[in-house]
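# What the coordinates show
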Amino acid sequence: MINLLSEDEFLERTANVPLQRVPWDLAKQKGVDVFIRRDDLIDTHLSGNKFYKLFYNLHAAKDSGYQQLLSFGGAHSNHIYALAMAAKFSGFKCIGVIRGERSRQLSATLLDAESAGMKLHFVSRTDYREKNSQELRGSLNRLYGDFFEIPEGGANNYGVIGTTALGTAISQQVKGDYTSICIAAGTASTLAGVASGVAMGDQNLNTDDKKVIGFSVLKGDGDLGSDLINHQHAINSETNNWRLISGYHCGGYAKKLPNYLRQFMSEFEATANLQLDPVYTVKMCWGVAQLLVQNYWPRGSKIILIHTGGLQGRRGFGLF
Ligand SMILES: *Cc1c(COP(=O)(O)O)cnc(C)c1O
């Protein structure tokens with residue numbers, strides 16, 4: 001039996017995520033108010049933006065009669081973890097196509113995914129690059145039968161539409177009273193959805209003043225902006241209330257944290273009284289700190305950070 005949250009329950013959870021003030025000396029010196037929306041707390045099993053990205057995917061799978069889900073990711077992937085948990089608690093079977101050979105000692109993420117019931121299907125890095133090929137599809141179908149396929153990171157239209165709910169919830173939560181909303185960007189599909197959702201939730205939005213800022217966690221992010229536009233186009237909701245900022249990847253995607261960043265991370269965590277993840281949210285917060293130092297925001301600004309979750313990924317970095 002497949003059992004999912006209803007859309008009303010989903011929207012109610014979304015509306016009730018706590019927004020907490022960050023008593024940050026740096027921000028105080030600059031006369032800027034900083035808040036963080038704790039989407040890491042939205043669900044006990046699948047946290048952060050992956051909760052939003054999976055919601056309509058799960059419903060689409062159920063509505064089309066699928067019993068089984070399949071998606072792609074690396075050994076520490078928050079998306080793979082969230083998918084395994086979502087499948088377990090909603091009654092789907094699921095398959096994770098994992099980049100790289102099976103190692104003798106599985107990562108904590110994959111151990112958890114496997115014990116939640118996910119079948120792990122390892123493919124070489126070369127084959128993983130061809131993950132959209134008909135050939136791989138054919139062999140997966142022969143092995144596992146029919147499945148509802150979700151792309152890496154949950155970055156399809158269902159995923160983007162789910163994240164619009166996050167944007168709408170924020171603009172309603174603060175009644176349009178903010179200067180910037182800040183979020184980490186990997187595929188930028190969450191940024192796309194949040195920016196669209198903010199615009200849907202705020203009829204009087206002045207997009208020159210109020211932006212959703214995505215901090216890219218990638219080193220080479222040449223096309224992230226056009227990816228974002230494509231995501232918005234695909235859901236028929238193009239907006240110009242967003243900005244992408246790069247340069248705060250601190251060495252690259254999922255790379256070992258440099259010492260200055262580890263130091264910053266533990267200080268910020270103590271200040272805000274929460275934990276960050278080492279791949280996404282720490283880079284966003286670091287970017288925000290640098291913009292504060294550069295006086296990017298005028299005094300009196302009100303900044304909202306989105307905690308997109310991903311704390312399970314700390315274990316891959318020896319953080320507990
Ligand atoms: C996946 C993830 C992101 C990136 O989301 P995109 O939609 O790919 O930009 C950000 N933060 C966390 C914690 C994530 O797990």
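The following paragraphs examine the structure supplied in this document. (Residues numbered from 1 in each chain as written. Predicted model: local features only at pLDDT ≥ 70, side-chain atom pairs only at ≥ 80, totals over all residues. Heavy atoms only, no water.)

## A closer look at the overall build of the protein
Selection rule: Helical segments are the DSSP runs of H or I of at least four residues, strand segments are the runs of E of at least two, and each set is numbered from the N terminus. Using C-alpha atoms as the atom set, the radius of gyration is obtained and then compared with a globule rule of 2.2 Å times the number of residues to the power 0.38. Each residue gets one of three labels from its accessible area relative to the maximum for its type: buried under 20%, exposed over 50%, partly exposed in between, using a 1.4 Å probe on protein chains only. Two residues form a contact once any of their heavy atoms are found within 4.5 Å.
Summing up its helical and strand segments, the protein has 12 helices and 10 strands in all. A compact globule built from 320 residues would reach a C-alpha radius of gyration of about 20 Å, and the protein, at 19 Å, matches this within 12%. By residue count, 57% of the 320 residues in the protein fall in the buried class. Put simply, 77% of the contacts in the protein that link residues at least 6 apart link residues at least 24 apart.

## Examining the packing of aromatic side chains
What counts, and what does not: Any Phe, Tyr or Trp ring, taking Trp's six-membered ring, that has another such ring centre within 6.5 Å forms a pair; planes under 30 degrees apart are called stacked, those over 60 apart edge-to-face, and the others tilted. Charge-over-ring placement is defined geometrically: NZ (Lys) or CZ (Arg) within 6 Å of the ring centre, and within 35 degrees of the ring normal.
In the structure shown here, the tally under the stated rule is 16 aromatic pairs. Consider the rings of tyrosine 260 and tryptophan 286, whose centres lie 5.1 Å apart with planes at 45 degrees: the pair is tilted. Of this pair, tyrosine 260 sits in helix 11 (residues 259–272) while tryptophan 286 sits in helix 12 (residues 281–293); the two residues are 26 residues apart in sequence, bridging distant segments of the chain. Following the ring pairs from residue to residue traces out a cluster consisting of Phe10, Phe51, Tyr52, Phe55 and Tyr56. Between the NZ or CZ atom of lysine 210 and the centre of the ring of tyrosine 178, over which it lies, the distance is 4.8 Å. Taking the ring centre of phenylalanine 35 as reference, the NZ or CZ of lysine 302 above it sits at 5.2 Å.

## Things to note about the pairing of strand 4 (residues 93–99)
Rule in force here: We call a crossover right-handed when, viewed with both strands directed away from the observer, the connection leading from the first strand over the helix to the second proceeds clockwise. Strand pairing is assigned whenever DSSP detects at least two bridges linking the two strands.
Most of strand 4 sits out of view: 5 of its 7 residues are buried. Crossover connection from strand 3 (residues 68–73) via helix 4 (residues 78–90) to parallel strand 4: handedness right-handed. When strand 4 meets strand 5 (residues 119–123), the two strands line up parallel, connected through 5 bridges. In the strand pairing of strand 5, valine 97 is matched with histidine 121. Considered for its hand, the β-α-β crossover made up of strand 4, helix 5 (residues 108–115) and strand 5 is right-handed.

## With respect to the site of the ligand
Rules: Here a residue is near a molecule or strand as soon as one of its heavy atoms is found within 4 Å of it. A 3.5 Å cut-off defines polar contacts: any pair of N or O atoms within that distance qualifies, except that in protein one atom must be a possible hydrogen donor and the other a possible acceptor, and neighbouring residues in sequence count only when both atoms are side-chain atoms. The method behind every accessible area is Shrake-Rupley, applied with a 1.4 Å probe, and residues are considered shielded solely by the protein chains displayed. Classification convention: Asp, Glu, Lys, Arg as charged; Ala, Val, Leu, Ile, Met, Phe, Trp, Tyr, Cys, Pro as nonpolar; all other residues, Gly among them, as polar.
The ligand sits among 15 residues. The nearest are Lys50, Lys53, Thr187, Thr190 and Thr308. Within the side chain of lysine 53, an N or O atom sits 2.7 Å from an oxygen atom of the ligand. The side chain of threonine 187 places a nitrogen or oxygen atom 2.7 Å from an oxygen atom of the ligand. Look at the ligand: alone it shows 390 Å² of surface, and the protein chains cover 97% of it. Secondary-structure elements contributing two or more residues to the shell around the ligand are helix 3 (49–63) and helix 9 (189–201). Examining the composition of the shell around the ligand, we find that 3 residues originate from one element, helix 3, more than from any other. Residue classes in the shell around the ligand are distributed as 3 nonpolar, 9 polar and 3 charged.

## Digging into the layout of surface pockets
It is a probe the size of a water molecule, rolled over the atoms, that shows where empty space is left. The test is simple: With a 1 Å grid laid over protein atoms only, a set of points is called a cavity when a 1.4 Å probe fits there but cannot get out and a pocket when it is open yet has protein on both sides within 12 Å along at least five of seven lines; lining residues have an atom within 4 Å of a point. Grid points are joined across faces, edges and corners, and a volume is the space filled by probe spheres set on the points.
Estimates place the volume of the second largest pocket at around 280 Å³. Taken together, 15 residues form the lining of the second largest pocket, with Leu5, Asp43, Leu46, Leu58 and Ser90 sitting closest to its centre. Put simply, the parts of the chain that give the lining of the second largest pocket at least two residues each are helix 3 and helix 4. Looking at the lining of the second largest pocket, its residues break down into 10 nonpolar, 3 polar and 2 charged.

## Digging into the sheet that holds strand 6 (residues 148–149)
Read from one edge to the other, the open sheet built from 4 strands follows the order 5-4-3-6, with strand pairing classed as parallel. The sheet terminates laterally at strand 5 and strand 6, the two strands that pair on one side only.

## Concerning a negative patch on the surface
Condition: Each patch is built from residues lacking any salt bridge and having more than 30% relative accessible area; the joining distance is 9 Å for like charges and 5 Å for nonpolar side chains (Val, Leu, Ile, Met, Phe, Trp, Tyr). Should a side-chain nitrogen of Lys or Arg be within 4 Å of a carboxyl oxygen of Asp or Glu, the pair is scored as a salt bridge. Positive charges come from Lys and Arg alone, negative charges from Asp and Glu alone, with His and the N- and C-terminal ends not counted. By convention, the charge on Lys lies at NZ, on Arg at CZ, on Asp at CG and on Glu at CD.
There is a patch of like negative charges on the surface, built from Glu7, Asp8, Glu9 and Glu12. Tracing the sequence through the fold places glutamate 12 in helix 1 (residues 7–15).

## Some remarks on the packing of helix 3 against helix 8 (residues 157–173)
Note the threshold: Here the axes come from fitting lines to C-alpha atoms, over the contacting stretch only for helices, and the angles between their N-to-C directions go from 0 to 180 degrees. By definition in this entry, angles of less than 35 degrees are roughly parallel, angles greater than 145 are roughly antiparallel, angles of 65 to 115 are roughly perpendicular, and the rest are oblique. Left-handed is the label given to a crossing in which the near helix is rotated counterclockwise from the far helix by less than a right angle, and right-handed is the label when the rotation is clockwise.
Running from N to C, helix 3 and helix 8 cross one another at 130 degrees; their axes reach a closest spacing of 6 Å. In this view, helix 3 runs oblique relative to helix 8, as classed from their interaxial angle. The handedness of the crossing between helix 3 and helix 8 comes out as right-handed. Of helix 8, the residues touching helix 3 (which contributes Tyr52, Lys53, Tyr56, Asn57 and Ala60) are Tyr158, Gly159, Ile161, Gly162, Thr163 and Leu166. Residues belonging to the contact of helix 3 with helix 8 are distributed by class as follows: 6 nonpolar, 4 polar and 1 charged.

## Quick look at the environment of glycine 225
Looking at where glycine 225 falls in the secondary structure, it is placed in helix 10 (residues 224–234). Setting aside residues up to four positions removed in sequence, glycine 225 forms contacts with Trp242 and Leu244.

## With respect to the sheet that holds strand 2 (residues 33–37)
Working definition: the strands of a sheet are paired by backbone hydrogen bonds and lie parallel or antiparallel to each other. Taken together, 6 strands build an open sheet; the order of strands is 1-2-10-7-8-9 and the sheet is mixed. A strand with exactly one partner marks an edge of an open sheet, and here the two such strands are strand 1 (19–21) and strand 9 (242–245). Averaged over all neighbouring strand pairs, the angle between strand axes comes to 25 degrees, with direction disregarded. Helix-sheet contacts for helix 9 involve strand 7 (180–185), strand 8 (211–216), strand 9 and strand 10 (302–306), and the interaxial angle to strand 8 is about 175 degrees.

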